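Commentary on secondary and tertiary structure
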Amino acid sequence: MATTKSFLILIFMILATTSSTFATLGEMVTVLSIDGGGIKGIIPGTILEFLEGQLQELDNNTDARLADYFDVIGGTSTGGLLTAMITSPNENNRPFAAAKDIVPFYFQHGPQIFNSSGRPIIGPKYDGKYLMQILQENFGETRLHQALTEVAISSFDIKTNKPVIFTKSNLTNSPELDAKMYDICYSTAAAPTYFPPHYFATNTINGDKYEFNLVDGAVATVADPALLSISVATRLAEKDPAFASIRSLNYKKMLLLSLGTGTTSEFDKTYTAEEAAKWDAIQWMLAIQQMTNAASSYMTDYYLSTVFQALDSQNNYLRVEENALTGTTTEMDDASVANMELLVQVGESLLKKPVSKDNPDETYEKALKRFAEMLSDRKKLRANKASY
């Protein structure tokens, strides 16, 4: 009898623990962040295709889309473009692009976006006309408020000298941010020296004209927009019940997936102090942006890893990044077919790599499958709760 009683108590404890775990999962706030990097957006595009495929398989739903699972999706530059692609609605109010459409988009349009033929002697490397044409054709008249989930797309206004963050949650107080998606996407991608800055105007709450003069959000040191994305989620906690669990910065109740576009940090430094000592202003200008972006991404990952580990929630944060890029794959504007195929290989190979050297058995593929399971379970729990 005592054995039977102990067994029943054990079963009760397991069920109670499982129930608590699932309840906690149902309260989770989910965030996806996508770095900038030009044509290197093929790398996170490959990762997103894998993740969306896993979600479709788990939920037995070929129409499942990333926007169905993430509360906030943030991006800078090429990451901002991906954010808009997977959150902007089509005529059926579903994301107009599936994750599997991302890489083909780069292959189809990359060579013409990064085509410098006919470039004037003075000015940026690319005129941006084809990029704007493609954005207008794909996004049409869609505006920010129509995004299917909260977004956080960064840019920088060179006239006001301030970052501009396009989020749906800010529209009540700042309706001028309700820009057309093609204006937002061009602005976040307008990297200095590569594309011209972008001017457009909207209207304030009083109906007055509001002008933007924008360049790439990486200028505001958000090449890795993960911190920006969770900041947007945290602000929402004050007014949206779906985000209430993180009101006290409780990252235990957050799932964060951050996707990079690759660095060369596993190799020796590209430059030595002896070399750089001879540089003039132009040479520094050519190198400093890459250094700044790499440092920004590293520090963001360092901070987030520290916070999640301190809360014993390291499994809630996953940074997917290739740190061993070489040759042409390091270039943000090499849109040759050969290089784009290499970037696809980088993304596919990254899935097989270990997340850390301390745990070689935990590959990115396994980690993403685990993440997909949590996203799927959490979506089902919220759906069940809403049905009561």
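Summary of the structure given here. The residue numbers shown here count from 1 along each chain, following its written sequence. Given that this is a predicted model, residues contribute local features only at a pLDDT of at least 70 and side-chain atom pairs are listed and counted only at 80 or more, while totals for whole chains, interfaces and linings are drawn from all residues. Side-chain metrics in this entry use all non-hydrogen atoms of the structure; hydrogen atoms and water are not considered.

**Overview of a nonpolar patch on the surface**
A cluster of nonpolar side chains, namely Y271, W284, I288 and M291, defines an oily patch on the protein surface of about 340 Å² accessible area. Assignment of secondary structure puts I288 in helix α9 (residues 281-310). Here the term patch refers to residues with relative accessible area over 30% and no salt bridge, with like charges joined within 9 Å and nonpolar side chains (Val, Leu, Ile, Met, Phe, Trp, Tyr) within 5 Å. Per-residue accessibility takes into account occlusion by the displayed protein chains alone, with areas from the Shrake-Rupley method and a 1.4 Å probe. Salt bridge, as applied in this entry: a Lys or Arg side-chain nitrogen positioned within 4 Å of an Asp or Glu carboxyl oxygen. Working definition: helices are DSSP H or I runs of at least four residues, strands are E runs of at least two. Numbering for both runs from the N terminus.

**Considering the packing of helix α3 (residues 78-87) against helix α4 (residues 102-113)**
Lines fitted to C-alpha atoms define the axes, with helix axes restricted to the stretch in contact, and inter-axis angles between N-to-C directions lie between 0 and 180 degrees. Put simply, α3 and α4 touch, their axes get as near as 11 Å, and they point 120° apart. By the angle class used here, α3 and α4 are oblique. Like other packed secondary-structure pairs, α3 and α4 cross with a definite hand, here right-handed. Where α3 approaches α4, its residues T78, L81, L82, M85 and I86 are matched on the opposing element by I102, F105 and Y106. Residue polarity follows a fixed list, in which Ala, Val, Leu, Ile, Met, Phe, Trp, Tyr, Cys and Pro are nonpolar, Asp, Glu, Lys and Arg are charged, and the others, Gly among them, are polar. Class assignment for the residues of the contact of α3 with α4 results in seven nonpolar, one polar and no charged. For this classification, under 35 degrees means roughly parallel, over 145 means roughly antiparallel, 65 to 115 means roughly perpendicular, and everything else is oblique. Here a crossing is taken to be left-handed if its near helix is turned anticlockwise relative to the far helix by less than a right angle, and right-handed if that turn runs clockwise. By the convention used here, residues are in contact when the closest approach between their heavy atoms is within 4.5 Å.

**A word on the pattern of salt bridges**
Going through the model one piece at a time under the given rule, you end up with 18 salt bridges. Put simply, D35 and R319 hold a salt bridge, and the shortest N to O gap is 2.7 Å. Of the two residues, D35 is situated in the loop between β1 (29-34) and α2 (42-58) and R319 in strand β8 (residues 317-320); the sequence distance between them amounts to 284 residues. Pair check on accessibility: D35 and R319 agree, each one buried. The shortest N-O distance in the salt bridge between E362 and R370 comes to 3.5 Å. Residue burial is assigned from relative accessible area. The probe radius is 1.4 Å, only protein chains are included, and a residue is buried under 20% of its type maximum, exposed over 50%, and partly exposed in between. Look at R370 and you get partly exposed, because its relative accessible area is 25%. Residues joined by salt bridges that share partners form a network here, namely D35, D224, R319 and E321.

**Some points on the packing of helix α7 (residues 226-236) against α9**
Remark: α7 packs on α9, axes separated minimally by 9 Å, with the N-to-C direction vectors making an angle of 50°. With respect to α9, the axis of α7 lies oblique. Residues A226, L227 and I230 of α7 form the contact with α9, whose own contacting residues are T300, Y303 and L304.

**Regarding the environment of Y194**
Looking at the element boundaries, Y194 is found in the loop between α6 (181-189) and β5 (198-203). For Y194, a relative accessible area of 21% translates into the label partly exposed. Along the backbone, Y194 and L255 are 61 residues apart, and their C-alpha atoms lie at a distance of 34 Å. Other than its neighbours up to four places away in sequence, Y194 contacts P124, K125, Y126, M332 and D333.

**Concerning the environment of I47**
One can find I47 in helix α2. Overall, the relative accessible area of 2% leaves I47 in the buried class. I47 sits 54 residues away from D101 along the chain, and the two C-alpha atoms are 12 Å apart.

**Concerning the nonpolar core**
Grouped burial of nonpolar side chains is what soluble globular proteins tend to show. Counting 76 residues, the largest nonpolar core has L32, L48, F70, F139, F166, L257 and V320 as the members making the most contacts within it. Excluding its chain neighbours within four sequence positions, the residues that come into contact with F166 are L144, V151, A152, I153, S155, L177, A179, I184, F200, F212 and L214. The next biggest cluster of nonpolar side chains, apart from the first, holds 20 residues, and it includes V232, L236, A237 and L256. In this description, a nonpolar core means a group of buried Ala, Val, Leu, Ile, Met, Phe, Trp, Tyr and Cys residues linked to one another through side-chain atoms lying within 4.5 Å.

**Section: the side chain of S187**
Assignment of secondary structure puts S187 in helix α6. Not counting residues within four places of it along the chain, the set of residues in contact with S187 comprises S155, H198, F200, L214, V215 and D216.

**Digging into the packing of aromatic side chains**
To pair, rings of Phe, Tyr and Trp, with the six-membered ring standing in for Trp, must have centres within 6.5 Å; the planes then decide the type, stacked if under 30 degrees apart, edge-to-face if over 60, and tilted in the middle. For the structure on display, the rule yields 14 aromatic pairs. Ring plane angle 15° and centroid distance 5.4 Å describe the contact between F308 and Y317, whose orientation is recorded as stacked. Here F308 matches Y317 in class, with each residue buried. Put simply, the rings of F114, Y126, Y186 and F195 touch in pairs and so form one group of aromatic residues. For a Lys NZ or an Arg CZ to count as sitting over a ring, it must be within 6 Å of the ring centre and within 35 degrees of the ring normal. One residue, K379, lies across the ring of Y69, its end atom 5.6 Å from the ring centre.

**Points about α2**
What a helix should span is 1.5 Å times the count of its residues minus one. Taking 1.5 Å as the rise per residue, α2 with 17 residues should run 24 Å; its terminal C-alpha atoms sit 24 Å apart, in good agreement. With 13 of 17 residues buried, α2 is to be regarded as a mostly interior element. A positive phi of about 50° marks N60, the residue just after α2.

**Examining α7**
Burial of α7 is extensive: eight of the 11 residues sit out of reach of the surface. Along α7, the residues classified as buried are A226, L228, S229, I230, V232, A233, T234 and L236. Buried residues along α7 sit in contact with β1, β2 (72-76), β3 (150-157), β4 (162-166), β7 (254-259) and α9.

**Some remarks on the side chain of T78**
Structurally, T78 is set in helix α3. In contact with T78, other than residues within four places in its own chain, are D35, G36, G37, G38, G41, Y106 and T261.

**Comments concerning the pairing of β1**
Most of β1 sits inside the fold, with six of its six residues counted as buried. Going residue by residue along β1, you find V29, V31 and S33 tucked away on one face and T30, L32 and I34 tucked away on the opposite face as well. Both β1 and β7 contribute to a ladder of six bridges, which runs parallel. By the bridge assignment, S33 is partnered in β7 with S258. Pairing between β1 and β2: four bridges, direction parallel. Within β2, the residue paired with S33 across the bridge is G74. Any two strands with at least two DSSP bridges between them are considered paired.

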